[in-house]
Amino acid sequence: MTKLLEWLLGVSLVLSAWAVVSFDLLELSLPQTYREVAWPMPLYLLVTFGCYSLATVGYRVATFNDCDEASAELQGQIQEAKQDLRKKGLKI
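Sequence positions are assigned chain by chain, starting from 1 and proceeding in written order. Under the rules for a predicted model, residues below a pLDDT of 70 receive no local features and side-chain atom pairs below 80 are neither given nor counted, while totals for whole chains, interfaces and linings still include all residues. Only hydrogens and water are removed before side-chain values are computed, so all heavy atoms of the structure are retained for them.

**Student:** I tried to follow helix H3 (residues 41-62) on my own but got confused; where do I start?
**Tutor:** Side chains that are three or four residues apart share a direction in an α-helix, a result of its 3.6 residues per turn. To qualify as a helix, a DSSP run of H or I must reach at least 4 residues; to qualify as a strand, a run of E must reach at least 2; elements of each kind are numbered from the N terminus. To estimate how far a helix should extend, the number of its residues minus one is multiplied by 1.5 Å. In this model, H3 (22 residues) spans 31 Å end to end at C-alpha, consistent with the 32 Å of a helix rising 1.5 Å per residue. When accessible area is computed with a 1.4 Å probe and restricted to protein chains, residues below 20% of their type maximum are described as buried, those above 50% as exposed, and intermediate ones as partly exposed. Counting buried positions over the 22 residues of H3 gives 0, only a small fraction of the element.

**Student:** Honestly, the domain arrangement of the protein in this entry has me stumped. Any pointers?
**Tutor:** Segmentation of the chain into domains, including their bounds, is taken from an automatic or database domain assignment. Domain boundaries assigned for the protein yield domain 1 (1-39) and domain 2 (41-92). Of note, the centres of domain 1 and domain 2, computed from C-alpha atoms alone, are 41 Å apart.

**Student:** Just checking my understanding: could you explain the UniProt feature "signal peptide" (unreviewed entry) in the protein for this structure?
**Tutor:** UniProt positions are given in the numbering used here, feature names are shortened, and annotations may be inferred rather than shown by experiment. Within the UniProt annotation, "signal peptide" (unreviewed entry) is assigned to residues 1-19. Span residues 1-19 is 89% helix and 0% strand, its end C-alpha atoms 26 Å apart.

**Student:** Before we go on, may I ask you to explain helix H1 (residues 3-23) in this structure?
**Tutor:** A rise of 1.5 Å per residue sets the reference length of H1, with its 21 residues, at 30 Å; its end C-alpha atoms lie 30 Å apart and thus fit the reference within 8%. Among all positions in H1, only Trp18, Ala19, Val20 and Ser22 are buried. It only takes one pair of heavy atoms within 4.5 Å for two residues to be counted as in contact. Along its buried surface, H1 packs onto helix H2 (32-38) and H3. Within two residues after H1, Asp24 carries a phi angle of roughly 50°, on the positive side.

**Student:** Is there a simple way to think about a nonpolar patch on the surface in this case?
**Tutor:** Taken together, the side chains of Met1, Leu4, Leu5, Leu8, Leu9 and Leu13 present a nonpolar region at the surface, about 660 Å² in accessible area. Overall, the relative accessible area of 55% leaves Leu13 in the exposed class. Patch membership is restricted to residues that have no salt bridge and whose relative accessible area is over 30%. Joining uses 9 Å for like charges and 5 Å for the nonpolar side chains Val, Leu, Ile, Met, Phe, Trp and Tyr. All accessible-area figures derive from a Shrake-Rupley calculation using a 1.4 Å probe, and residue coverage is judged against the displayed protein chains alone. Salt bridges are defined by distance alone: a side-chain nitrogen of Lys or Arg within 4 Å of a carboxyl oxygen of Asp or Glu.

Next comes the structure, spelled out in structure tokens:
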């Protein structure tokens, strides 16, 4: 099963459970407080997912590894390119 199908299955199960509780589709005679709590649940889940995503991106940016060797190599290539262009008459 692909990751997309796993996510779609999970989302559809959560939405189905939410619809059953919110609209009383199975006539379970749940108390009104359950519906009042379930109604804004998608918004709560969306905000929670956004906070998690922001925290994950922030953590990954904070722990991003510096590539000193690659930086030095790139700077060397830039200097070589500048020298080559100067030999060909381009003023930098």
